[in-house]
Amino acid sequence: QKEVEQNSGPLSVPEGAIASLNCTYSDRGSQSFFWYRQYSGKSPELIMSIYSNGDKEDGRFTAQLNKASQYVSLLIRDSQPSDSATYLCAVKWNNAGNMLTFGGGTRLMVKP
Amino acid sequence: DVKVTQSSRYLVKRTGEKVFLECVQDMDHENMFWYRQDPGLGLRLIYFSYDVKMKEKGDIPEGYSVSREKKERFSLILESASTNQTSMYLCASGPSGSRTDTQYFGPGTRLTVL
C-alpha cells in the first residue's frame, strides 16, 4: 500500500460545478499537507496548504483535513476549463525535515 | 516570489554521453531536491541536499550523481546517459523543515536520450 494515495482519474466535471479531489495517507505522524497543481508538460505549482483539522478556504479552493480518518481533500468551486490539470497531494511527516511524500496525482478535466 | 530555474527546458543527448542538469534558486533555501517524473510512476526522488556539499540519496539514485558547491546551485549529473533515463527532471528547493515549509519547483527539463 502506498503511503499517499490518490485516484488517478480522470475526474470529469462540467464547467461551474464543484470538483472534489481526495487523498488518503498512511499513519506516520503526518504533520502538514499540500496541494500542487500541474498542467500538462509543466512543473507542479503550490496552490494550498493545510496543517490542522477542518477547512481552509482560499478563493475558489477549499482544503479539508481529517486526521482521524487520514484523508485530505481539495474542493474547487465554480470549476473552469483552466482548472483542468493534474492535482498532486503531498504529505510532510513529522521529523522528516522538508521531505515530502507525493501521491500519484488526480487528473481533472473541466468540460465547457 | 520564489524562483527556481533550470538550465534547459528540453535536452537531447546520445547514449553514453555525460549530462549535466543545473538548478539555481534565489531564495537562500537550505534544501534542494532532484526528482524525475514519468507517466504512471509519479514523482520519484533521486537525490537531495540540505546544505552546501551535503547530499543524500533518494529513492532512485542509481545512475545519477549530484553536486552542491554553492547554496543556490544544485547539479544533477548523468555519468553515462542511457535510454531509460529519458524523463522529465524536476528540481525543487525549500527552506528548513518547519511545519509550514514546503518545496517549490523549477520549470523542469525534458531529457531525451537516443
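Because the structure is predicted, anything quoted here is derived from the model rather than measured. (Residues numbered from 1 in each chain as written. Chains lettered and ligands numbered in written order. Predicted model: local features only at pLDDT ≥ 70, side-chain atom pairs only at ≥ 80, totals over all residues. Heavy atoms only, no water.)

Draft legend 1. A look at the pattern of salt bridges. One pass over the structure, following the stated rule, counts 9 salt bridges over all chains. Residues Arg60 of chain A and Asp83 of chain A are paired through a salt bridge, measuring 2.9 Å at the closest nitrogen-oxygen approach. With a gap of 23 residues between them, Arg60 of chain A in the loop between strand E6 (54-58) and strand E7 (61-66) and Asp83 of chain A in the loop between strand E8 (71-76) and strand E9 (85-93) connect regions that are remote in the sequence. Owing to a relative accessible area of 1%, Asp83 of chain A belongs among the buried residues under this scheme. One connected set of salt bridges, linked through shared partners, spans Arg36, Asp38 and Arg44 of chain B. (Salt bridge = Lys/Arg side-chain N within 4 Å of Asp/Glu carboxyl O. Helix = DSSP H or I, 4+ residues; strand = E, 2+ residues; numbered from the N terminus. Buried < 20%, exposed > 50% of the residue type's maximum accessible area, 1.4 Å probe, protein only.)

Draft legend 2. A look at the interface of chain B and chain A. Tallying the contact residues gives 23 residues for chain B and 19 residues for chain A. Carbon and sulfur atoms supply 53% of the area buried between chain B and chain A, which totals about 1,700 Å² over both sides. Broken down residue by residue, the surface that chain B buries against chain A is led by Arg99, Thr102 and Phe105 of chain B, which jointly contribute 33%. Our enumeration of links across chain B and chain A arrives at 10 residue pairs in polar contact (both at pLDDT 80 or more). For the side of chain B that touches chain A, the elements supplying multiple residues, two or more each, are strand E4 (31-38), strand E5 (42-49), strand E9 (87-94) and strand E10 (104-105) of chain B. (Contact = heavy atoms within 4.5 Å. Buried area = accessible area lost by both parts, 1.4 Å probe. Polar contact = N/O pair within 3.5 Å; in protein donor to acceptor, adjacent residues only side chain to side chain.)

Draft legend 3. Fine view of the sheet that holds strand E3 (residues 19-25) of chain B. All names here are of chain B. Sheet architecture is open: 4 strands sit in the order E1-E3-E8-E7, paired in antiparallel fashion. Here the strands that pair on one side only, and so sit at the sheet edges, are strand E1 (4-6) and strand E7 (64-70). Averaged over all adjacent pairs, the angle separating strand axes in this sheet is 20°, with direction ignored. Bridging between E1 and E3 involves 3 bridges; their strand directions are antiparallel. In the sheet register, Gln6 faces E3, and the bridge partner there is Cys23. (Pairing = 2+ DSSP bridges. Axes fitted to C-alpha atoms, helices over the stretch in contact; angles between N-to-C directions.)

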